[in-house]
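# Inside the fold
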Amino acid sequence: MKIGLIGLGKMGYHLALNMKDKGMDVITYDISLPALEQMAKAGIATADSYESFVASLPSPRVIWLMVPSGKIVEGVIETVSKLLSPNDILIDGGNSMYLDSVRRYHQLKNQGIQFVDCGTSGGINGARNGACLMVGGDKEVVKSIEPLFIAIAQKDGYAYIGKSGSGHFVKMVHNGIEYGMMQAIGEGFELMNRSEYEINYHQVAKVWSHGSIIEGLLMRNAQDAFSKDNNLSAIEGKVDDSGEGQWMVETALKYKVALPVITQSLYSRYKSKDDTKFSEKVVAAIRNEFGGHAVYKKS
């Protein structure tokens, strides 16, 4: 199978190597010249424009997009779709909002272009050595390229989920669960950090990664982080979110489903970026007013 891959960031670069290892003929494109040069050094073909990229692929073309969600993927799809022919297949492997994927499916369908939404999990290591893939779209279209998904996924790490949007919907839920799990791990280490015990966090994470009920990839990631810096002294406690948690909470409101753990995890991420901590100032001021409790003033 010959496949085109657009987007050579950390995930896209390693995904291309994975595809090559599985015997696929891969051609890549990115607007970044250094990214293209790095890909070429790895022995994978590159194109110097969208036009030459599309022209190098046989019909029906299969193109995998691995670019950030939102305006960027919207712009790439708009540009590439003008160069495609009926029955060509576009796969969005990024973290797009599932409703955007449904809208794109219908827009492209009107042009005769097939659109597949693929939730991709496993991080950089998964992209390189075997990803976890959740795929949505027309069943017959997905089945026609299913060997691609099976080849680059871990064993049993691929599933056809259902109609358009379902792949990105399930990936959104996956990421929301991830928010809650990471928050719980972080809070557990916070309690240990505040205790009177001198605890080696790397040692604890290592022990928990071998035989405990809470072992798993996230705990191994914590183990790796603590192995580099046991007190994480070089890291600020600000946690970004890429949108999936917010989308999941908004979807839960739509369906009237209670997600207290995941919602609080999302709010904790927002709060971690609050430099002014104004709400804490308000609470301290109120406590001082009604009870004379001490407040800490800036010098």
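Okay, so let's go over this structure.

About the criteria used
- Residues numbered from 1 in each chain as written.
- Predicted model: local features only at pLDDT ≥ 70, side-chain atom pairs only at ≥ 80, totals over all residues.
- Heavy atoms only, no water.
- 1 Å grid on protein atoms, 1.4 Å probe; cavity = no way out; pocket = protein on both sides within 12 Å on 5 of 7 lines; lining within 4 Å.
- Points joined across faces, edges and corners; volume = space filled by probe spheres on them.
- Helix = DSSP H or I, 4+ residues; strand = E, 2+ residues; numbered from the N terminus.
- Nonpolar A, V, L, I, M, F, W, Y, C, P; charged D, E, K, R; others polar.
- Expected span 1.5 Å × (residues − 1).
- Buried < 20%, exposed > 50% of the residue type's maximum accessible area, 1.4 Å probe, protein only.
- Contact = heavy atoms within 4.5 Å.
- Axes fitted to C-alpha atoms, helices over the stretch in contact; angles between N-to-C directions.
- Parallel < 35°, antiparallel > 145°, perpendicular 65-115°, else oblique.
- Pairing = 2+ DSSP bridges.
- Right-handed = clockwise from strand over helix to strand, strands pointing away.
- Salt bridge = Lys/Arg side-chain N within 4 Å of Asp/Glu carboxyl O.
- Left-handed = near helix turned anticlockwise from the far one by under 90°.

### Here's the deal with empty space enclosed by the protein
Here the structure, examined in full by the defined rule, presents 1 cavity of 30 Å³ or more. Lining the largest cavity we find Gly 94, Asn 95, Ser 96, His 168, Lys 171, Met 172, Glu 244 and Trp 247. Broken down by secondary-structure element, the contributors of at least two residues to the lining of the largest cavity are helix H9 (166–194) and helix H12 (244–255). In terms of residue class, the lining of the largest cavity is made up of 2 nonpolar, 4 polar and 2 charged.

### Let's talk about helix H13 (residues 260–272)
Here H13 contains 13 residues, and its C-alpha end-to-end distance of 18 Å stays within 8% of the 18 Å for a straight helix at 1.5 Å per residue. Listing the buried residues of H13 in full gives Ile 262, Thr 263, Ser 265, Leu 266, Arg 269 and Ser 272. Those residues of H13 that are buried are in contact with H9 and H12.

### Things to note about the packing of helix H4 (residues 71–81) against helix H5 (residues 98–109)
For the pair H4 and H5, the least separation of the axes is 12 Å and the interaxial angle reads 10°. In terms of axis orientation, H4 runs roughly parallel to H5. Counting all contacts with H4, which are made through Val 73, Glu 74, Ile 77 and Ser 81, the residues of H5 involved are Arg 103, Arg 104 and Leu 108. Its residues placed into classes, the contact of H4 with H5 shows 3 nonpolar, 1 polar and 3 charged.

### Describing the pairing of strand S4 (residues 62–65)
Burial along S4 is two-sided: Val 62 and Trp 64 and Ile 63 and Leu 65, pointing in opposite directions, are all buried. Both strand S1 (residues 2–6) and S4 contribute to a ladder of 3 bridges, which runs parallel. Residue pairing in the sheet places Gly 4 in a bridge with Ile 63 of S4. Here 4 bridges tie S4 to strand S5 (residues 89–92), and the two strands are oriented parallel to one another. Note that in S5 the partner of Leu 65 across the bridge is Asp 92. Taking the sense of rotation as the criterion, the β-α-β connection linking S4, H4 and S5 turns out right-handed.

### Section: the pattern of salt bridges
Within the structure shown, the criterion is met by 12 salt bridges. Of the charged contacts in the structure, one is a salt bridge between Glu 74 and Arg 103, with a shortest N-O distance of 3.0 Å. Highlighted residues: Glu 74 in helix H4 and Arg 103 in helix H5, separated in sequence by 29 residues. Note that Glu 74 and Arg 104 form a salt bridge whose closest N and O atoms lie 2.6 Å from each other. One end of the pair, Glu 74, is in helix H4; the other, Arg 104, is in helix H5, with 30 residues separating them in the sequence. By relative accessible area, which is 2% here, Arg 104 ends up buried. In this structure, a network of salt bridges that share partners links the residues Glu 74, Asp 92, Asp 100, Arg 103 and Arg 104.

### Some words on the packing of helix H10 (residues 201–208) against helix H11 (residues 217–228)
Packed helix pairs are specified by the crossing angle of their axes together with the interaxial distance, meaning the distance between the axes. In the contact formed by H10 and H11, the axes pass within 8 Å of each other and the chain directions differ by 155°. Considering their axes alone, H10 and H11 lie roughly antiparallel with respect to each other. Considering only the axes of H10 and H11, their crossing is left-handed. Residue-level contacts link Tyr 201, His 202, Ala 205, Lys 206 and Trp 208 of H10 to Met 219, Ala 222, Gln 223, Phe 226 and Ser 227 of H11. When the residues that make up the contact of H10 with H11 are grouped by side-chain class, the tally is 6 nonpolar, 3 polar and 1 charged.

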